[in-house]
Amino acid sequence: MSGKADPRTAGERTTPRARLDRGRGALGPALELVHTGRAPTRAVLTAELGVTRATAGAVAAELEALGLIRVDARPGAAAGSQGRPSHRLEVAEDGPVALAAQVHADGFRAALVGLGGRIVATAPGCETVDADPAKVLGSVVEAGAELLRTTGRRCVGAGLAVPSAVAEPDGLALNPLHLAWPVGAPVRRIFAECVRAAGLTGPAFAGNDVNLAALAEHRHGAGRGARDLLCVATGHRGVGGALVLDGRLHTGSSGLALEVGHLTVNPEGRPCHCGSRGCLDVEADPLALLVEAGREPGPEVSLLQQANDLLRTQYDDPAVRTAAEALIDRLGLGLAGLVNILNPDRIILGGLHRTLLDADPGRLRAVVADRSLWGQSGGVPILACTLDHNSLVGAAELAWQPVLDDPLAALR
């Protein structure tokens with residue numbers, strides 16, 4: 001009888017330590033699968049990683065020991081299933097968190113976000129944005145630090161979302177047009193200094209708010225499963241866009257890709273801050289809707305809330321409907337051009353654009369189909385973003401990424 005081990009069972013007879021050593025390179029991929037909901041059970045994790053059941057078990061046990069996931073060892077079999085039920089895998093509800101911060105034209109907010117894109121706690125938002133970015137970022141970081149003190153959570157890092165293109169590699173806010181910040185403000189450096197001054201550990205990151213919204217939606221929301229995802233959104237002011245290609249944000253050679261707000265959709269339209277006229281940025285944002293509908297913007301609540309409320313409560317008003325149709329047509333024209341260039345397999349809309357889609361989905365989809373080559377050949381799905389505070393969740397994704405890449409090194 002041969003003394004050679006059966007290759008089909010040799011891996012199963014190795015020691016737990018050997019299995020774990022073999023699976024250490026799979027810790028990051030395994031954590032990302034659980035984080036994005038693509039591995040709800042150990043059986044799925046085994047198949048996705050292409051390892052033995054024992055190795056997958058060792059990997060899951062190590063992630064549980066790190067406090068990142070929870071392994072349910074007593075699952076119930078699903079109705080109609082056959083064979084031994086598999087252990088369920090979930091992110092740890094009491095695990096570490098990332099500090100997420102967002103600044104926009106109408107204020108700023110801090111939150112703690114765990115794995116799975118779950119917002120654990122939020123600080124009360126502030127409605128005043130100082131012209132000095134250091135003051136604003138110091139305040140929002142301190143709000144986040146207070147959340148950490150209150151909850152007692154471990155922090156893996158911090159991420160910041162800003163309404164500006166963020167140039168790489170220096171992390172400069174090149175066009176904070178709707179803030180009074182100086183052009184080229186070194187927001188990532190300032191944010192990192194504030195994080196360290198607050199006594200927090202872990203790396204600090206900064207990115208464009210719509211880029212981060214797209215990243216969050218791709219991992220946890222309406223963009224999940226898309227290969228080439230286009231996101232277009234208008235928040236409190238202006239219009240932004242983002243593209244996720246094969247699971248990763250496409251930011252261009254220096255972080256400045258997809259400045260869709262400066263596509264011209266109305267050549268005789270309003271002057272834009274960029275020096276052109278009729279850009280999406282000024283033709284399809286909340287202020288444009290209010291002006292088009294003949295409504296005077298008020299100071300009580302944000303422009304985004306005023307525009308959303310107008311569409312949801314007064315859409316039957318002829319002036320409001322006409323204004324909405326004008327914005328839908330301009331937005332559809334811009335989306336059609338992007339479809340012709342990028343050929344995405346899904347479009348998701350956020351902010352006021354989500355409300356416009358809800359108000360008249362047929363009109364927007366028809367404009368995109370009529371104006372785009374690929375839309376005429378079958379159409380691109382156009383969906384609403386589904387996550388609340390998706391830019392905050394996306395900011396947290398930046399901070400979580402080193403942990404997803406190498407859990408042991410990041411948490412050491």
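Given the structure is predicted, the values throughout are model-derived calculations rather than measurements.

A. A look at the packing of helix 2 (residues 27-35) against helix 3 (residues 42-49). Contact geometry of helix 2 with helix 3 gives a least axis separation of 11 Å together with a crossing angle of 130 degrees. Taken together, the axes of helix 2 and helix 3 are oblique relative to one another. Viewed along their axes, helix 2 and helix 3 form a crossing whose handedness is right-handed. Every residue of helix 3 that contacts helix 2 at Pro-29, Ala-30 and Leu-33 is listed here: Leu-45, Glu-48 and Leu-49. In the contact of helix 2 with helix 3, the residues fall into five nonpolar, no polar and one charged.

B. Expanded view of the packing of helix 10 (residues 303-314) against helix 12 (residues 352-359). Look at helix 10 against helix 12: their axes get within 10 Å of each other, and the N-to-C directions meet at 5 degrees. Compared by their axis directions, helix 10 and helix 12 come out roughly parallel. Residue-level inspection shows Leu-304, Ala-307, Asn-308, Leu-311 and Arg-312 of helix 10 in contact with helix 12, the latter providing Leu-352, Thr-355 and Leu-356. Here the contact of helix 10 with helix 12 is composed, by residue class, of five nonpolar, two polar and one charged.

C. Just the pattern of salt bridges, in detail. Summed over all chains, the structure comprises 18 salt bridges. Residues Arg-70 and Glu-90 are paired through a salt bridge, measuring 2.6 Å at the closest nitrogen-oxygen approach. Pair noted here: Arg-70 is in strand 1 (residues 69-72) and Glu-90 is in strand 2 (residues 88-91), with a separation of 20 residues, a long-range link. Among the residues examined, Arg-70 registers a relative accessible area of 39% and is labelled partly exposed. A salt bridge links Glu-325 to Arg-363; its shortest N-O distance comes to 3.8 Å. One end of the pair, Glu-325, is in helix 11 (residues 318-342); the other, Arg-363, is in helix 13 (residues 361-371), and 38 residues separate them in sequence.

D. Representation of the environment of Leu-289. Tracing the sequence through the fold places Leu-289 in helix 9 (residues 286-292). Assessed through its relative accessible area of 0%, Leu-289 is described here as buried. In sequence terms Leu-289 and Leu-311 are 22 residues apart; their C-alpha atoms lie 9.2 Å from each other.

E. Quick look at unusual backbone geometry. For the bond running from Glu-168 to Pro-169, omega is 10 degrees, close enough to zero to count as cis. Note on placement: Pro-169 falls in the loop between strand 7 (166-167) and strand 8 (172-173). Despite not being glycine, His-389 shows a phi value in the positive range, around 55 degrees. In this fold, His-389 is placed in the loop between strand 14 (382-384) and helix 15 (390-405). A relative accessible area of 42% places His-389 in the partly exposed class.

F. Representation of the nonpolar core. Core analysis: the biggest nonpolar cluster contains 37 residues, and Val-232, Leu-311, Leu-335, Ile-347, Leu-349, Leu-352 and Leu-364 have the highest contact counts within it. The set of elements that each furnish at least two residues to this core consists of strand 10 (228-234), helix 9, helix 10, helix 11, strand 13 (346-351), helix 12 and helix 13. Per-element tally for this core: the top contributor is helix 11, with nine residues. Those residues in contact with Leu-349 that sit more than four places away from it in its chain are Val-232, Leu-331, Leu-335, Arg-354, Leu-357, Leu-364, Ile-382, Leu-383, Ala-384 and Cys-385.

The rules we used
Residues numbered from 1 in each chain as written. Predicted model: local features only at pLDDT ≥ 70, side-chain atom pairs only at ≥ 80, totals over all residues. Heavy atoms only, no water. Axes fitted to C-alpha atoms, helices over the stretch in contact; angles between N-to-C directions. Helix = DSSP H or I, 4+ residues; strand = E, 2+ residues; numbered from the N terminus. Parallel < 35°, antiparallel > 145°, perpendicular 65-115°, else oblique. Left-handed = near helix turned anticlockwise from the far one by under 90°. Contact = heavy atoms within 4.5 Å. Nonpolar A, V, L, I, M, F, W, Y, C, P; charged D, E, K, R; others polar. Salt bridge = Lys/Arg side-chain N within 4 Å of Asp/Glu carboxyl O. Buried < 20%, exposed > 50% of the residue type's maximum accessible area, 1.4 Å probe, protein only. Core = buried A, V, L, I, M, F, W, Y, C linked by side-chain atoms within 4.5 Å.

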